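Observations on the three-dimensional arrangement
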Amino acid sequence: MAKDKTARFQIRLTPTEKENLIKKASEAHMTVSHYVIKNIKNNKIYKRFY
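Quantities reported herein were computed from a predicted structural model and do not represent experimental measurements.

Check the secondary structure of the chain and you find two helices and zero strands. For the chain, with 50 residues in total, the buried portion stands at 6%. In the structure as shown, the chain presents an accessible area of about 5,000 Å², 53% of it carried by carbon and sulfur atoms.

Judged by side-chain polarity, Phe 9, Ile 11 and Leu 13 come together as a nonpolar surface patch covering roughly 340 Å² of accessible area. Note on Ile 11: relative accessible area 51%, which makes it exposed.

A few words on the packing of helix H1 (residues 15–27) against helix H2 (residues 32–40). Where H1 contacts H2, the axes come no closer than 9 Å and their chain directions differ by 90°. Classified by the angle their axes make, H1 and H2 are roughly perpendicular. Residues Leu 21, Ile 22, Lys 24 and Ala 25 of H1 form the contact with H2, whose own contacting residues are Val 32, Tyr 35 and Val 36. A class-by-class count of the residues in the contact of H1 with H2 yields six nonpolar, no polar and one charged.

Attention now goes to the pattern of salt bridges. Applying the stated criterion across every chain, the model contains one salt bridge. One salt bridge connects Lys 23 with Glu 27, and the closest N-O pair in it is separated by 4.0 Å. Placement of the pair is Lys 23 and Glu 27 together in helix H1, with a separation of four residues, close to one helical turn.

What follows covers unusual backbone geometry. If you check the backbone angles, His 29 has positive phi at about 55° while not being a glycine. With respect to the secondary-structure elements, His 29 resides in the loop between H1 and H2. Its relative accessible area of 43% is what places His 29 among the partly exposed residues.

Cut-offs applied
Residues numbered from 1 in each chain as written. Predicted model: local features only at pLDDT ≥ 70, side-chain atom pairs only at ≥ 80, totals over all residues. Heavy atoms only, no water. Helix = DSSP H or I, 4+ residues; strand = E, 2+ residues; numbered from the N terminus. Buried < 20%, exposed > 50% of the residue type's maximum accessible area, 1.4 Å probe, protein only. Areas by Shrake-Rupley, 256 points an atom, 1.4 Å probe, with all protein chains shown as cover. Patch = residues over 30% accessible without salt bridge, like charges linked within 9 Å, V, L, I, M, F, W, Y side chains within 5 Å. Salt bridge = Lys/Arg side-chain N within 4 Å of Asp/Glu carboxyl O. Axes fitted to C-alpha atoms, helices over the stretch in contact; angles between N-to-C directions. Parallel < 35°, antiparallel > 145°, perpendicular 65-115°, else oblique. Contact = heavy atoms within 4.5 Å. Nonpolar A, V, L, I, M, F, W, Y, C, P; charged D, E, K, R; others polar.

The structure is reproduced here in structure tokens:
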């Protein structure tokens, strides 16, 4: 990702939604930010199995 990204984005989630978001990002071996941006861009996210 570009290093010049400095804008912040906040959303309100239930504790369960937050846990699910963190879990899905982790399963995809991504940060939550990367995971959200990939979803916004409609890019397919595949889970990596090691």
